[in-house]
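Next come the chains, spelled out residue by residue.
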Amino acid sequence: MPIKAKGYFIPYILWIVLFVVAPIALVVYYSFLDLNGNFTLANYANFFSAAYLKMALASFWYAFLITLFTLLVAYPVAYLLTKTKHKRLWLMLMIIPSWINLLLKTYAFIGIFGLYGPINAFLQVFGFEPTQMLFTDFSFIFTAVYIFIPFMILPIFNSLDKLDKTLVYAARDLGATGWTTFRRVVFPLTVEGVKSGIQVTFIPALSLFMITRLIAGNKVITLGTAIEQQFLVAQNWGMGSTIAVFLVLIMVVSMLFTGTKMRGGRVG
Amino acid sequence: MSKLSKPGALYLTIVFIILYAPIFYLIFYSFNSGGTMNSFESFTLEHYAAVFEDTRLIVILLNTILVALLSGLIATILGTLGAIGIVSVKKKQLRNTILSLNNVLIVSPDVVIGASFLILFTLIGVQLGFASVLISHVAFSVPIVVLMVLPKLLEMDGSLIDAARDLGATRRDVMTRVILPYIQPGIFAGFFMALTYSLDDFAVTFFVTGNGFSTLSVEIYSMARAGITLTVNAISGIVFVITLLVVVGYYFMMNRSKAPSLEVRQ
C-alpha cells in the first residue's frame, strides 16, 4: 500500500520504547539488585531454593488443573454451540458474563461458597453438615475455571465454525463412528483453537493473585501472588522482578510450545 | 452436521445457567434488607441508595469512567497512528519485529505489566495516582487498537490512494478523506476494546495506583477483602445493566458496519 507516513510513526515508536522495551529491561535489571540496590545473584539463587521451587511447581499444577477443567467444559460447549440455530447469538450470550467486572464475579463466589451460602444450603437438604468451602483448593479452582470458560469457548468455537462440514460427512460415509470422526477429523482440525484457548488460560492462571487472595485465603500462592507480595508487601523489588523474569520466560516457552502467534488475553 | 441432541441441549443449558448464576445471585441479594447474601429478608432499595449517597464511591465511579474514556481516546489516536505507520514499513522483517513488540503487552501477565510499570514510574518520577493509572491504561490499550485497525488498513485497496493522488488530493486529504473514513470501523472497534480493557483492569491499576486514587475494580477488591457488604451487590446490579446495554448496542452497531468482531478479545 502506497502510504508514506513515517511522521505518524514517532509517537507510536516512543510508546514501544517507553512502555514495552524499557519495562522489560527494568525488570531484568532489578532482578539483579538486592534490597540496597547492589548487584547480586542472590535473587536467582533464592528462586532455586526448595521453598520457591515448591511454590512454582504448585503454581504450575494449579494452572494445569484450571486449564484442563476449563478445556473439558468449554470444548463441548463450543461444539454444541455450532449446532444451535442462532449460533452467533448464543455465542454472544455465553460470552456476556466475561464482560462483567472480574472482581464482582469473584466476590460472588465469596458468598456462594460461604459457610451459610447456597451450596451449603443445598447440601444440607441431603443431610450433609455445612462445611467451610471458601479458602479451599476446590473453591479456588472452581472460581478460576468459571472465569476462564468464556475465553476458552471463543477460539474453539471459531475454529469449529471454520471446519469444513463435508469432511465430517465424508468420514461418516466412509463408516467412521461419531467418536472416531471426532477423534480423527474434528479434533485435529480444531487443535489451533484449542491451543489459543490454552494460551489465554494457562499464563493468566499462573499469574492470578486476586482470586487467590479473595477465594483461597492465603493458602494458594501462585507466581502472581508471589510477585504482588514481593512488590507491594515485602517491598523487595529485586526478588519480585526475578519471579517476574521467570514468569515471562515461562510465557515465552509456552507460546513456542503451543506454536501459535502472539495473541493473548488479559484476565486479572 | 447433525442437529443439537437432547443431552447436548441440556449440557448447554446447564453451563449457561452456571455462567449467569453468580451474577444473578449478586443482583438478587442486592435487594435484600438483611445484611447478608444468605437469607433474603425483604425487598429494599437501600443498598442502591447507599451507592448513590456515598460521595467517595461516586467519585471513584466517575474516576473509573474518566480514566476509561481518556485512556481509550489517547490509545486510539496512538494506536491508529501506529497501525498506519506499520503498514508504511516496507521491510518485512522490520514490520514483523514491530508487530511482535506491539503484542508483548497483550500477552504479558498483568502482574508483570503492573510491576514493571511501577518500577518505571518510580524511576522517572511520575507520581502514583491519576496520572500513573491513566498512562498505564493508555499503554496497555495501544496494542489492541493497533490490532483492530491493522486488518482494515491491510484490506484497503492501494489503488484508492493512487486514484485520490492522481485526482489532485494532497497527502493530508488522502489521510483525512480516504484512509481514515475507510478504516473508521476498525478505529471504533479499537476504541471500544480500549474502553473495556480499561474498565476491566484490576491488576495493573492495583500496582500503580498509590494512595488516594482508586478505580472501581481496586475499590471492590478492598471492599471484598473486608468481607461481604451488599453495597458491592448493588454496584454489580448497576454494572450488569450498563454492560448489557453496551454489549448489545455494540453488537447491533457492528452487525451494521462490519467492523472486526469482538472475538479478537481472545
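Residues numbered from 1 in each chain as written. Chains lettered and ligands numbered in written order. Predicted model: local features only at pLDDT ≥ 70, side-chain atom pairs only at ≥ 80, totals over all residues.

Before going further, it helps to spend a moment on the overall build of chain B. A tally of helices and strands in chain B yields eleven helices and zero strands. Projected onto its principal axes, the C-alpha coordinates of chain B cover approximately 75 × 60 × 30 Å. With 266 residues in all, chain B has 43% of them scored as buried. Taking the intrachain contacts of chain B between residues at least 6 apart in sequence as the baseline, contacts between residues at least 24 apart amount to 78%. (Helix = DSSP H or I, 4+ residues; strand = E, 2+ residues; numbered from the N terminus. Buried ≥ 20, exposed ≤ 12 C-beta atoms within 10 Å, placed from the backbone. Contact = placed C-beta atoms within 7 Å.)

The interface of chain B with chain A comprises 71 residues on the first partner and 77 residues on the second. Top contributing element to the side of chain B that touches chain A by residue count: helix α1 (residues 6-29) of chain B, with eleven residues. Grouping the amino acids of the side of chain B that touches chain A by side-chain chemistry returns 49 nonpolar, 15 polar and seven charged. (Nonpolar A, V, L, I, M, F, W, Y, C, P; charged D, E, K, R; others polar.)

With that settled, consider helix α4 (residues 92-107) of chain B. Between its first and last C-alpha atoms α4 of chain B spans 22 Å; for 16 residues at 1.5 Å apiece the expected length is 22 Å, and the two agree. Among all positions of α4 of chain B, only N102, V104, L105 and V107 of chain B are buried. On its buried face, α4 of chain B is in contact with α1 (9-30) and α13 (237-258) of chain A together with α5 (110-124) and α6 (130-155) of chain B. (Expected span 1.5 Å × (residues − 1).)

A few words on the packing of helix α4 (residues 87-95) of chain A against helix α7 (residues 137-162) of chain A. Residues and elements named next belong to chain A. Running from N to C, α4 and α7 cross one another at 155°; their axes reach a closest spacing of 9 Å. Classified by the interaxial angle, the pair formed by α4 and α7 is roughly antiparallel. In this structure, α4 contributes L91, M94 and I95 to the contact, and α7 contributes P150, I153, L154 and F157. In terms of residue class, the contact of α4 with α7 is made up of seven nonpolar, no polar and no charged. (Axes fitted to C-alpha atoms, helices over the stretch in contact; angles between N-to-C directions. Parallel < 35°, antiparallel > 145°, perpendicular 65-115°, else oblique.)

Turning our eyes to something else, we now look at the environment of Y12 of chain A. Its place among the elements puts Y12 of chain A in helix α1. Those residues in contact with Y12 of chain A that lie beyond four places of it in its chain are L78, L81, G82 and G85 of chain B.

Moving on to the packing of α1 of chain A against α13 of chain A. Residues and elements named next belong to chain A. α13 packs onto α1 with a crossing angle of 120° between their chain directions and a minimal axis gap of 7 Å. For the element pair α1 / α13, the angle class is oblique. Between α1 and α13 the crossing geometry is left-handed. On the side of α1, the interface is formed by V27, V28 and Y30, while α13 contributes W237, G238, S241, A244 and V245. Along the lines of polarity and charge, the residues of the contact of α1 with α13 split into six nonpolar, two polar and no charged. (Left-handed = near helix turned anticlockwise from the far one by under 90°.)

With that out of the way, let us pick up the nonpolar core. Counting residues in hydrophobic clusters, the biggest one holds 151 residues, and the most contacted among them are A78, A144 and I153 of chain A together with A115 of chain B. The dominant element in this core, judged by the number of residues it contributes, is α7 of chain A, at 16 residues. Here I153 of chain A is in contact with A74, V77, A78 and M94 of chain A, once residues within four sequence places are set aside. (Core = buried A, V, L, I, M, F, W, Y, C linked by C-beta atoms within 7 Å.)

To continue, consider helix α6 (residues 118-125) of chain A. Within α6 of chain A, only zero of the eight residues are buried, which leaves it mostly out in the open. G127 of chain A, located one to two residues past α6 of chain A, shows a positive phi value of around 85°.

Our next topic: the confidence of the model for chain B. All names here are of chain B. A residue-level look at chain B finds 95% of positions with pLDDT of 70 or above and a mean pLDDT of 89. Per-residue pLDDT stays below 50 along residues 262-266; that stretch engages in 13 contacts with residues further than four places along the chain or on separate chains. Of the two predicted TM-score estimates for the complex, the pTM is 0.89 and the ipTM is 0.88. (pLDDT = per-residue confidence, 0-100.)

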